[in-house]
Structures are given as structure tokens and as C-alpha cells.
Amino acid sequence: MNPLIDGLVKGFRASNEIGDLSSSDVFELFAASLVLGDQLVSQVELTDLLLDKHTIGLDVVAIEVNGQLVWDRDDVDDVCDGAAHIEVSIHTLQAKQSEHINSTDILALGEAVKRFLQKEDLADSPKLESLSEALHHLFSTHAQKLRSQPSVHMSFVTTAPQKTITDKTVTQRLESAKELVKSVGFVGEVTARCFGADDLHDLHVRQFHANKVDLLIPKSVSLPAMPGIKQAFVGLISVAELLKMICRPDGSLDEQVFFDNVRGFQGDANPVNRKIVETLGSDARSLLPVLNNGVTVVAQSYTPLPADHFLVEGYQIVNGCQTSHCAYIAKDELGADAENVFVPLRLVITDDDDVAISIIRATNSQTEVKEDDLVALSKFQKRLEEFYRMDSAEIGLTYERRAGQFYGLTVTKTRLVSVADQLKSVSAMLLNRPHLASRYPSKLYAEAGDSVFRDEHKILPYVVAAYAAYRLENAFRGGLDSRFKVIRYHILMVVAYQILGEPPAQLHTPTSEKQANKIIAELRAPQHVELFKRAAEFIETSAGGSIPTRDRLKRPGFTTELIQRLKDEAANGD
């Protein structure tokens, strides 16, 4: 393998604590993390991306619906039921560690993707078959909401030099793979790209180093000094300059710059957004500076350059996600006129996290943002983050109160706990809601929001729930049968009952802290894998001797059955 890429893969293996995986599996996950990007990969436990061992021609398949990954029929319905329109992208990947390319492997990728789309010959790969069934369920149930036919993106990842990946034969095979996929007749855009060592290094640099952009800000005013703020400006930038901020070098939209924007893009069917796009396409676009609130950008540093240029580094668009996406949608229609259409800009330079959060809350409270979108900014969240930082429980986890908070910093990814991770672990382990934990955070928060992150709650139970989830994922990498992954949230609940011998106490009580200390002591023990195994086997036995279906796991009835059996077990002293 290319020695530079080999070094990056070793760092990836260490930071994700996947030392027990084979070198091929690690490389496949490394490739997927770079090609898919943080926005998608952060939605799933990394190793869950791997397909079954005997899957031919494919290593990773991810179905993206309106920016969310879906894995089964319930996931599809969760995302689609409340959406007016849906956009579907299918990401497929085959990864080879070799510096040489066998062009027949590229054709094999195209053939495998075609079989997946047509749901043919997938019996030997249950995970791939389940994904294909989810896709076809989307077609049969939500086809009327599709804005366009699904796009399909094929990535053939190698460590080959640039000369090899641009070889004529490779290019021809990529085109042949695209034609194979297009022949199914129900897909839209189809892309096929071969990645080499240079491409992987470039993707790694963009992902793990602070983003930067050279902006032309011809009309700006520097604001007076303010506590916690290095510098602040208000001014105007052209849509062309805005596009520089939000686009990758290949012209695609870079969603990472919106990590700190609490509300994602609401779609161009949204009445406000539709009006923005219409304005950009009409003669009224010259009025955009007075018709639009513009964008607010928070950055870590800036450097003044000649001729009204500024080098801005480590930036996030914290308000103006809708305007930015509309500009991207209208960029082709604008063409060269993008240089002459302007939007208001607020640029704030600060490395004070509290100041950044204040700006996010203030700028987003002026628009219709749901309260659960702002949960990461609550007082309880700040206390929780501080507790993780002090680490008095000595568990070594880091709390990511804001998505992208540790962007560009060296943090062991498996030890990073997001707000969504915390919500899922505490709901599953301590609130008897494992059937909800696998759902999307917004759905989970809608049903469990009144029960979590309350100011009167004790902090330690939250940290212990996250630690249990971390130890469980480590157990899967250290010997616990991976077939139990589908019941991971039920395992957390059962483990709590089996350790405590009683139901978890309410989170505001002193008893909840005593129970948390008892759980953490057991999870630190060398035999913690056996704890999880015992819980998994209890669930399997309770379900009749086999792993329950995903459908059954998402129903509260099965959770109720488990709790009753756990109470019976405790009463009998088992």
C-alpha cells in the first residue's frame, strides 16, 4: 500500500479503536468515512457500514433520503411520512488496498449495484437484501413524493497513483459500469469514480483540517470591540463569493460548513425558499440585500489581504442555511450574474465556544426553529459537557455538545458522544425505551423530550448510559457476536436491570446516582463482555430462541414483555 495512505489508515484504526478488524475491513471503513463524509457516517456506528462477508462486488451501500441514512422499511417511513418531497441518493463503494487496478473489478461493482437495485440474487447477503427491500418499499409507498429519480454514486477506491486511475481502460470500465446501472430504467443521475492515493489524501486533508476560503468583501464595516470576539464585520458579499464558501473543489455542496446551523435545509418546496429561488431567477435579484436576512458566519481566524480580500479559516455558516442552499440551486441559472448579486453578511471571529453558541441561539431564534433543534444549547447540556470534561467518573469520553465542535482536532472518534448518542443511550438504558432509540433523533426527541435533559436531573446517570453504549460497541469488536448488534439498545436496558436487580430509578433522584455507580463498577470489570452476552441471550430466549425482527424490536410490546420477564427473574432471585 502507498506508505502515506498506510499511515493515514493506521491513524484511522487507532482513532476509531478498531484494532481487531482485518486490514481489508479497516481500509473499507477508512474509504467510506472519506467518500461518504462526516454528515452521513456520524449517523451510524462505523462498523455497521460493513456488509456481510460473502457479499460480491460491494463493500458498503448507504441509502440517503433527505440527508438521512435509512436501513429498513421503518426508517424509510420515519423519514418520508412527514416530508412533502423526498430526494434519494444511493452511495455504493468497493475498496481495494492495492496500488494496481484490475478493471474487471470495476465492472463487477457496476453489476453488483445493478443486482442490488433490481433486488436480484441477494440471498447470500442479508444486509444488502434488507437495504434493497427498504429501497423498494420507498418506491412502492412514497414514489409520489420523489422530486426526481434516485441518484446512484459508485466509488471504486484504491491506493493507485493518479496515472493509473486516469488510464483509458479504467475510464472506459467506469463508463461501462454507469451504463449497466442506467439500464435498470428507474434511476436518475449515475456517477462512477475511481479514487486513488492522491484523492484519499485530499479528502483526508479536507475532512481533518480547518476549512478556509479567500473572500472578496467589497463593502464591510468593522464593529466595535466586544468581549470574547476577536473581530466582527457586517457587509455584503456576492453570491459568487457565497458559493465559494459552500462548495467543494468539484463544485458539489459542502454540508460540513452547516454543522453548527441548528436547522437543516427545508427544501425548495418550502414557501420561503421557493420565493428566494424565484427572486434569484428574476430581475428582482438586485434587491436581494434588502429582501434577505443574509448569512451569519462564525470563524476561528481571519487574515486581511489586499484589495478587500480576507482569508477566513475554520468557519461555519450558523445562520443562512436556507439562503445558501437556494443560491446553490440557482447557481446555474445565475451564471456570471452571480458576481453582481449580493447578500448581507455578518462575519464573527471568535474561539470562545460560549460566544459562538450565543450567536447560534440568537440568530436562529429569529426564524421558525423547533425547540428540539436548540436542545444542544441548553443549560443542562452545558453542565453535562463540563461533567464529561472533568471526568470525575474516569471513563475517558468526550461530549460533543455541538456537531462539528471538535472539527480539525485530534479526538478518538469512538470516545466522542454526540447529543443524539446521549439521547439514545439514556432512553434505552434508563428510561425503558429501547424500541425508540434506533429511531431518528428528531422522532426520539419528540416522544422522549419531556423525560430527558431536564435541569433537575442528575448528571452521572447520563454519563454512565453513554459509557455502557461505548463498552457495548467495544464488546462487539472484542468477541461479542455481531449478530446481536440489531438488539444493542435492548441489551443496554437488560444489562441495567440485571446489574441492579431492580428498575432504574427516576433521573432526578439520589438513587439514580447510586445505581449509576453500581453500573459503572460492573462495566469496568474484565468480564463486562459476559454481561452483554448474558443480556443478549436473555433477549434471544425471550423472543422464542432467535433474534427478533427489526419490526418487532421497534414495537413497545416487546419492551414490555422483556421488562416483565426481568422483573420475574429478579423476584425469583435468578
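Scope of this entry: the structure provided in the associated data block. Because the structure is a prediction, the values reported are computed rather than measured.

**Digging into the overall build of the chain**
Next up, step 1: For the chain, the count of helices and strands is 24 helices and 13 strands.
Next up, step 2: For the chain, the C-alpha radius of gyration of 25 Å lies close to 25 Å, the compact-globule estimate for 574 residues.
Next up, step 3: Referenced to the eigenvectors of the C-alpha coordinate spread, the extents of the chain come out at roughly 80 × 60 × 50 Å.
Next up, step 4: Taking all 574 residues of the chain together, 53% fall into the buried category.
Next up, step 5: Here the contacts in the chain between residues at least 6 apart in sequence split such that 72% fall between residues at least 24 apart.
Next up, step 6: About 25400 Å² of surface is accessible on the chain, with carbon and sulfur atoms providing 49% of the total.
Next up, step 7: Each charge class in the chain was averaged separately, 61 positive and 79 negative side chains, and the resulting centres sit 2 Å apart.

**Observations regarding the sheet that holds strand β8 (residues 231-238)**
As a general point, the strands of a sheet are linked pairwise by backbone hydrogen bonds and lie either parallel or antiparallel.
Next up, step 1: Spatially, β6-β10-β9-β11-β8-β7 is the arrangement adopted by the six strands of the open sheet, whose pairing is mixed. Whereas interior strands pair on both sides, the edge strands pair on one side only; in this sheet they are β6 (212-216) and β7 (219-222). Ignoring strand direction, the axes of neighbouring strands in this sheet form an average angle of 40°.
Next up, step 2: Strand direction decides the pairing type here: β7 and β8, joined by four bridges, are antiparallel. Each residue of the ladder has a partner; that of S222, found in β8, is F233.
Next up, step 3: Along the sheet, helix α10 (residues 239-246) makes contact with β6, β8, β9 (295-305), β10 (309-319) and β11 (342-349), crossing β8 at roughly 115°.

**Concerning the environment of K331**
Next up, step 1: Relative to the helices and strands, K331 is located in helix α13 (residues 321-334).
Next up, step 2: According to the relative accessible area criterion, K331 is partly exposed, its value standing at 24%.
Next up, step 3: Distance in space between the C-alpha atoms of K331 and G281 is 9.4 Å, their sequence separation being 50 residues.
Next up, step 4: K331 has contacts with L243 and G251, leaving out every residue within four places of it along the chain.

**Observations regarding a nonpolar patch on the surface**
Next up, step 1: Together, V221, L223, M226 and V234 line one region of the surface with nonpolar side chains, adding up to about 280 Å² of accessible area.
Next up, step 2: Positionally, V234 belongs in strand β8.

**Concerning helix α19 (residues 460-477)**
The periodicity of an α-helix, 3.6 residues per turn, causes residues three or four places apart in sequence to face the same way.
Next up, step 1: The terminal C-alpha atoms of α19 lie 26 Å apart, and with 18 residues this matches the ideal 26 Å at 1.5 Å per residue to within 8%.
Next up, step 2: Of all 18 residues in α19, 16 are buried; the element is thus mostly enclosed.
Next up, step 3: Note on α19: the residue one or two positions beyond its end, G479, has a positive phi of about 130°.

**A word on the pattern of salt bridges**
Next up, step 1: For the coordinates displayed, the defined rule picks out 24 salt bridges.
Next up, step 2: D75 is the partner of K554 in a salt bridge, and the nearest nitrogen-oxygen pair spans 3.0 Å. Remark: D75 occurs in helix α4 (residues 73-80) and K554 occurs in the loop between α23 (550-553) and α24 (556-571); sequence separation between them is 479 residues. Of the two residues, K554 and D75, both sit in the buried class.
Next up, step 3: One salt bridge connects E87 with R147, and the closest N-O pair in it is separated by 3.1 Å. Residue E87 is found in the loop between α4 and β3 (88-95), and its partner R147 is found in the loop between α6 (126-142) and β4 (151-157); the two are separated by 60 residues along the sequence.
Next up, step 4: On the basis of relative accessibility, which here comes to 44%, the residue E87 falls in the partly exposed class.

**Examining the environment of G82**
Next up, step 1: Position of G82 relative to the elements: it lies in the loop between α4 and β3.
Next up, step 2: Through-space distance from the C-alpha of G82 to that of C326 is 22 Å; in sequence the pair is 244 residues apart.

**What to know about the side chain of H457**
Next up, step 1: Mapped onto the elements, H457 comes out in the loop between α18 (441-448) and α19.
Next up, step 2: Excluding residues within four positions of it along the chain, H457 makes contact with F380, R383, S451, V452, Y462, L507 and H508.

**A word on the pairing of β10**
Next up, step 1: β10 sits mainly inside the fold: eight of its 11 residues count as buried.
Next up, step 2: As judged from the nine bridges shared by β9 and β10, these two strands associate in the antiparallel manner. For P304, the partnering residue across the bridge sits in β10 and is F310.

**Some details on the nonpolar core**
Next up, step 1: Formed by 72 residues in total, the largest nonpolar core has its most connected members in L49 and L117.
Next up, step 2: Element by element, the count of residues in this core is highest for helix α2 (residues 23-36), at eight residues.
Next up, step 3: Residues in contact with L49, not counting those within four places in the same chain, are L29, A32, L36, V41, V44, D59, V60 and W71.
Next up, step 4: Residues F387, A466, L523 and A535 belong to the second largest nonpolar core, which totals 66 residues.

**Side note on the packing of aromatic side chains**
Next up, step 1: The full count for this structure, using the stated rule, is 11 aromatic pairs.
Next up, step 2: Taking the centre distance of 5.5 Å and the plane angle of 70° together, the rings of F139 and F186 count as edge-to-face. Of this pair, F139 sits in helix α6 while F186 sits in the loop between α8 (168-182) and β5 (190-195); the two residues are 47 residues apart in sequence, bridging distant segments of the chain.
Next up, step 3: Its relative accessible area of 25% is what places F186 among the partly exposed residues.

**Let's talk about the environment of T164**
Next up, step 1: Mapped onto the elements of the fold, T164 is located in helix α7 (residues 162-165).
Next up, step 2: In sequence terms T164 and I547 are 383 residues apart; their C-alpha atoms lie 46 Å from each other.
Next up, step 3: Residues contacting T164, with those up to four places away along its chain left out, are E99, I101 and V170.

**Focus on the sheet that holds β5**
Next up, step 1: Pairing is mixed across the open sheet formed by five strands, whose spatial order is β2-β1-β3-β4-β5. Every other strand in the sheet has two partners, leaving β2 (68-70) and β5 as the edge strands with one partner each. Strand-to-strand twist in this sheet, taken as the mean axis angle between neighbours without regard to direction, amounts to 25°.
Next up, step 2: Relative to β2, strand β1 (residues 60-65) is paired through three bridges, and the arrangement is antiparallel. Each residue of the ladder has a partner; that of I63, found in β2, is V70.
Next up, step 3: Its contacts with the sheet place α4 against β1 and β2, and it is angled at close to 150° to β2.
Next up, step 4: Contacts between α8 and the sheet are confined to β4 and β5, with β5 contributing the most and set at about 150° to the helix.

**Examining the packing of α19 against helix α21 (residues 510-524)**
Next up, step 1: The N-to-C vectors of α19 and α21 enclose an angle of 25°; their axes lie 9 Å apart at closest approach. Classified by the interaxial angle, the pair formed by α19 and α21 is roughly parallel. In this structure, α19 meets α21 at a crossing whose hand is left-handed. Contacts between α19 and α21 involve L460, P461, V464, Y467, A468 and R471 on the former and, on the latter, S512, E513, A516, N517, I519, I520, L523 and R524.
Next up, step 2: Each residue belonging to the contact of α19 with α21 can be placed in one class, and the counts come to nine nonpolar, two polar and three charged.

Conventions adopted
Residues numbered from 1 in each chain as written. Predicted model: local features only at pLDDT ≥ 70, side-chain atom pairs only at ≥ 80, totals over all residues. Heavy atoms only, no water. Helix = DSSP H or I, 4+ residues; strand = E, 2+ residues; numbered from the N terminus. Rg over C-alpha atoms; globule rule 2.2 N^0.38 Å. Buried < 20%, exposed > 50% of the residue type's maximum accessible area, 1.4 Å probe, protein only. Contact = heavy atoms within 4.5 Å. Areas by Shrake-Rupley, 256 points an atom, 1.4 Å probe, with all protein chains shown as cover. Lys, Arg positive; Asp, Glu negative; His and termini not counted. Charge placed at Lys NZ, Arg CZ, Asp CG, Glu CD. Pairing = 2+ DSSP bridges. Axes fitted to C-alpha atoms, helices over the stretch in contact; angles between N-to-C directions. Patch = residues over 30% accessible without salt bridge, like charges linked within 9 Å, V, L, I, M, F, W, Y side chains within 5 Å. Salt bridge = Lys/Arg side-chain N within 4 Å of Asp/Glu carboxyl O. Expected span 1.5 Å × (residues − 1). Core = buried A, V, L, I, M, F, W, Y, C linked by side-chain atoms within 4.5 Å. Phe/Tyr/Trp six-rings, centres within 6.5 Å; stacked < 30°, edge-to-face > 60°. Parallel < 35°, antiparallel > 145°, perpendicular 65-115°, else oblique. Left-handed = near helix turned anticlockwise from the far one by under 90°. Nonpolar A, V, L, I, M, F, W, Y, C, P; charged D, E, K, R; others polar.

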